[in-house]
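Structural overview for review
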Amino acid sequence: MLMRRQIVLTLALMPITFGLWYAAGPLFAAPAVWLCDIALGHLYPTLVDTAGLLGAELQLTTQFGESAGQILPAKEAGNQVALEINTRLVSYSIAFYGALLLASNVQDSLYKFCTGLFWLWLIMAIGLASIAGKDLLLLVGEPFLSTELVPPADVIALTYQFNVLLMPTLAPVFLWFWQLQGSPLWEQLAADISRASGRA
Amino acid sequence: MLRFLLIFIGVLVTLFGLEMLNPVQNAVIQPFTGLLASLSTALILPFDQDVIAQGRVLRDATSGFAVSIESGCNGVEAAIVLIAGIAAFPATLNQKCVAIVAGFLFVQALNIVRIISLFYLGQWNYTVFEWFHLYLWPVLIMLDVLVVFAIYLHWLGKNAPAAEAT
């Protein structure tokens, strides 16, 4: 019964949380972009120049350039290749998480939302880095793969699949479940789990 | 809880890795995705004679609009999450098998609704199509997985005393 209420309320709240998330534009993505800039700048200084927000897009300026259809180091090419990544591909997890948490009868919901937001920004930053990795693999190819600390193509494909196609929906569910402890729904689920485990 | 998490993540990463392998893609994933396109077409045809399936592509013969069912759109990832959850939770092998088959069908049923809805949304308004495709449907599919898992827990709880008695 409580689970049914949770799902119905989540569905009812989704138009509101998604509307707020869309209206806020780059606001919800900004901390993740900042984290991504710091991480990629430190790990791959020979690949990434800067990463910043341009509207709701992450603009990643690379250390590669293009000349006569060839990808070259930026200094040789005299220009820099920049990637534009739609941050909403990962930031919609915040809208989903907001709907899940608001639909639950949890105490200190604002504090819990802020804690969850912090974790989601970390996960979003990894997701944005995974998109950048996939785009660089397709655009730059071998010079990118031969750079130090860059994982093999298969690993890049797997991390993209995991961090971009799965984590934006899975991470909010895990955070919500973790923060559900002490709520009536948690008690009901705990009773089900206890019975199912044969300990009731 | 830690045991559940470790098994869940282990099964999730293993199945994801397997799904990405070329032989698995060629022998299982691609034919399955083609089957989804054919099934969607078969469901639409009684109401709309203009739709045709070409491999993984669903096409409207009149407008020329087409949707291609790619990785991440075939419901396999959602099914993997559900399988990992079911595998990680303590239950008998029989219960796990029943839950995986039923859960897979449940997830795929909603996924076919997703494919058909996207096919028509795309012909109506591309912005709405993008919204549903990129943001809303992934969330709805994950909610579907959550519902199936909650039903599974409830079902296990109901069956537990009977299982102990036998």
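A short tour of the structure in this document, coming up. (Residues numbered from 1 in each chain as written. Chains lettered and ligands numbered in written order. Predicted model: local features only at pLDDT ≥ 70, side-chain atom pairs only at ≥ 80, totals over all residues. Heavy atoms only, no water.)

**Considering the nonpolar core**
Phe 18 of chain A together with Leu 12 of chain B are the most contacted members of the largest nonpolar core, which totals 106 residues. Examining the composition of this core, we find that 17 residues originate from one element, helix H5 (residues 126–165) of chain B, more than from any other. If sequence neighbours within four positions are ignored, Phe 18 of chain A has contacts with Tyr 92, Ala 95 and Phe 96 of chain A together with Trp 131, Tyr 135, Leu 136 and Val 139 of chain B. (Core = buried A, V, L, I, M, F, W, Y, C linked by side-chain atoms within 4.5 Å. Buried < 20%, exposed > 50% of the residue type's maximum accessible area, 1.4 Å probe, protein only. Helix = DSSP H or I, 4+ residues; strand = E, 2+ residues; numbered from the N terminus. Contact = heavy atoms within 4.5 Å.)

**Let's talk about the sheet that holds strand S3 (residues 66–68) of chain B**
Residue and element names in this part refer to chain B. The strand order across the open sheet built from 3 strands is S1-S2-S3, with neighbouring strands paired in antiparallel fashion. The outermost strands of the open sheet, each flanked by one partner alone, are strand S1 (51–54) and S3. When the angles between neighbouring strand axes are averaged without regard to direction, this sheet yields 15°. The pairing of strand S2 (residues 57–60) with S3 spans 3 bridges and is antiparallel. If you follow Leu 58 over to S3, its bridge partner there is Val 67. Contacts from helix H2 (residues 22–44) reach S1 and S2 within the one sheet, and its direction differs from that of S1 by about 165°. Contacting S1, S2 and S3, helix H4 (residues 93–124) crosses the sheet at an angle of about 40° to S2. (Pairing = 2+ DSSP bridges. Axes fitted to C-alpha atoms, helices over the stretch in contact; angles between N-to-C directions.)

**Thoughts on helix H3 (residues 76–88) of chain B**
Residues and elements named next belong to chain B. Its 13 residues give H3 an end-to-end C-alpha distance of 18 Å, which sits within 8% of 18 Å, the value for a rise of 1.5 Å per residue. For H3, the tally of buried residues reaches 11 of 13 residues, placing the bulk of the element in the interior. Those residues of H3 not exposed but buried are Val 76, Glu 77, Ala 78, Ala 79, Ile 80, Val 81, Leu 82, Ala 84, Gly 85, Ile 86 and Ala 88. (Expected span 1.5 Å × (residues − 1).)

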